[in-house]
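So you can see what is in the structure, the chains are spelled out below.
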Amino acid sequence: MRLAFWGILIFSFSFSFSQNLASNVYIFNLEALPNGMRAVHSPKLLTQFNSKGYNNQPFFINDHELLLTVKINGTSQTDIYKFNLNTNTRQQITKTSLSEFSPSVTSDMKSLSFVRVDDEASALQRIYTAEYKLNSKINSPLPDIKNVGYYSWLDSKNVALFLVNKPSQIALVNTDTKDPLIFSSDIGRCMQSNTNGNLLYVHKITDEYWYIKEYDSINQKANIVSETVKGSEDFAHLTDGEFIMAKDSKLYSIHPQTEKSWTEIADLSFFGIRNITRLAFNGGKLALVDQSK
């Protein structure tokens, strides 16, 4: 299988984090086979324009557009970029003196959302929303919550927040009442809502035992979905209930309703991919981050 690189048309736009290692984002087709297995094929390198920089946190807006956090090699801050997979183009969305990361969209799909480092020295980080255009006005729906690391929208008013504490905490917040309900600690950075509107997240119960859990906000109860792939905290959740996780160069799959263990579906070391971290899925396409070690 030959790796296909992109020639990208560049739009003309002429957490400074110490842990920002070089990373690249690839797009693969993830195809269901008649035997129930998955084929992973047709790779494309999305971030050739910044291959020695930081490219991370992919989020699909739809089946042909996705958002990334990008720090251009040689610069000191992260910005949000939008990529169009149909036209092979990219567009810078944020360009401020501060760092923006964790891009997503609000549940009505009308606005971009992200976390911004308002003060790096004090680790002041808030969630914001903005329009999909450069230099648009931004607004924080929760200005008094100042330690947001990651988040996931459950609906138009309710959002799950990863709170940067020791230990890390997870909270549900209504943007009208603004009162956080903290219901777990020692959680992973990956959070997603499922088709039921429930929250999926990783609970690191001990150093050895990590579990994907589903939190029902109505009943205020969390249930174990599956143990994670050993030592991995990032997952992609597919509409049929399947989960994808990764370890080093390998991808794994599980249907928790019918399977008790993870199945290896691909080894991407052939493409020089050695350390898969973040994952995102939409419309048969899997975005993954390969982070340099």
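Residues numbered from 1 in each chain as written. Predicted model: local features only at pLDDT ≥ 70, side-chain atom pairs only at ≥ 80, totals over all residues. Heavy atoms only, no water.

Here we look at the overall build of the chain
And then number 1: In terms of regular secondary structure, the chain is built from zero helices and 26 strands.
And then number 2: Rg of the C-alpha trace for the chain: 18 Å, near the compact-globule value of 19 Å for 293 residues, within the 12% margin.
And then number 3: Considered along the principal axes of its C-alpha atoms, the chain spans approximately 50 × 50 × 35 Å.
And then number 4: Considering the chain as a whole, with its 293 residues, one finds that 53% of them fall into the buried category.
And then number 5: For the chain, the centre of its 29 positive side-chain charges and the centre of its 29 negative side-chain charges are spaced 5 Å apart. (Helix = DSSP H or I, 4+ residues; strand = E, 2+ residues; numbered from the N terminus. Rg over C-alpha atoms; globule rule 2.2 N^0.38 Å. Buried < 20%, exposed > 50% of the residue type's maximum accessible area, 1.4 Å probe, protein only. Lys, Arg positive; Asp, Glu negative; His and termini not counted. Charge placed at Lys NZ, Arg CZ, Asp CG, Glu CD.)

Examining the pairing of strand 11 (residues 124–130)
And then number 1: When you tally the buried positions in strand 11, you get seven out of seven residues, the bulk of the element.
And then number 2: The two faces of strand 11 match: Leu-124, Arg-126, Tyr-128 and Ala-130 on one face and Gln-125, Ile-127 and Thr-129 on the other face are all buried.
And then number 3: Pairing between strand 10 (residues 112–119) and strand 11: seven bridges, direction antiparallel. Note on strand 11: the bridge partner recorded for Arg-116 is Arg-126. (Pairing = 2+ DSSP bridges.)

Considering the confidence of the model for the chain
And then number 1: Summary statistics for the chain give a mean pLDDT of 90 and a share of 93% for residues scoring 70 or more.
And then number 2: Note on residues 1–18: pLDDT is under 50 here. Beyond four places in sequence and across chains, it has 52 contacts. (pLDDT = per-residue confidence, 0-100. Contact = heavy atoms within 4.5 Å.)

Structural notes on the sheet that holds strand 11
And then number 1: With antiparallel pairing, four strands are arranged side by side in an open sheet as 9-10-11-12. Bordering the open sheet on either side are strand 9 (99–105) and strand 12 (138–139), each of which pairs with just one other strand.

Considerations on the sheet that holds strand 16 (residues 180–185)
And then number 1: Spatially, four strands are ordered 13-14-15-16 in an open sheet, and the strand pairing comes out antiparallel. Strand pairing shows two members of the sheet lacking a second neighbour, strand 13 (148–153) and strand 16, which therefore form its edges. Going across the sheet, the axis of each strand differs from the next one's by a mean of 25°, ignoring polarity.
And then number 2: Where strand 15 (residues 169–174) meets strand 16, five bridges bridge the pair, whose relative direction is antiparallel. By the bridge assignment for strand 16, Ala-171 is matched with Ile-182. (Axes fitted to C-alpha atoms, helices over the stretch in contact; angles between N-to-C directions.)

Describing the pattern of salt bridges
And then number 1: Inspection of every chain in the model, using the stated rule, returns 11 salt bridges.
And then number 2: Where Glu-242 meets Arg-38, a salt bridge forms, and the shortest distance between an N and an O atom there is 2.8 Å. Pair noted here: Glu-242 is in the loop between strand 21 (235–237) and strand 22 (243–247) and Arg-38 is in strand 4 (residues 38–45), with a separation of 204 residues, a long-range link.
And then number 3: Judged by its relative accessible area of 1%, Glu-242 falls in the buried class. (Salt bridge = Lys/Arg side-chain N within 4 Å of Asp/Glu carboxyl O.)

Digging into the packing of aromatic side chains
And then number 1: If you walk through the whole model with that rule in mind, you get 10 aromatic pairs.
And then number 2: Aromatic pair Phe-28 and Phe-271: ring centres 5.8 Å apart, planes at 65°, arrangement edge-to-face. Of the two residues, Phe-28 sits in strand 3 (residues 23–32) while Phe-271 sits in the loop between strand 24 (263–267) and strand 25 (276–282), which places them 243 residues apart along the sequence. Across this residue pair, the class does not change: Phe-28 and Phe-271 are buried. (Phe/Tyr/Trp six-rings, centres within 6.5 Å; stacked < 30°, edge-to-face > 60°.)

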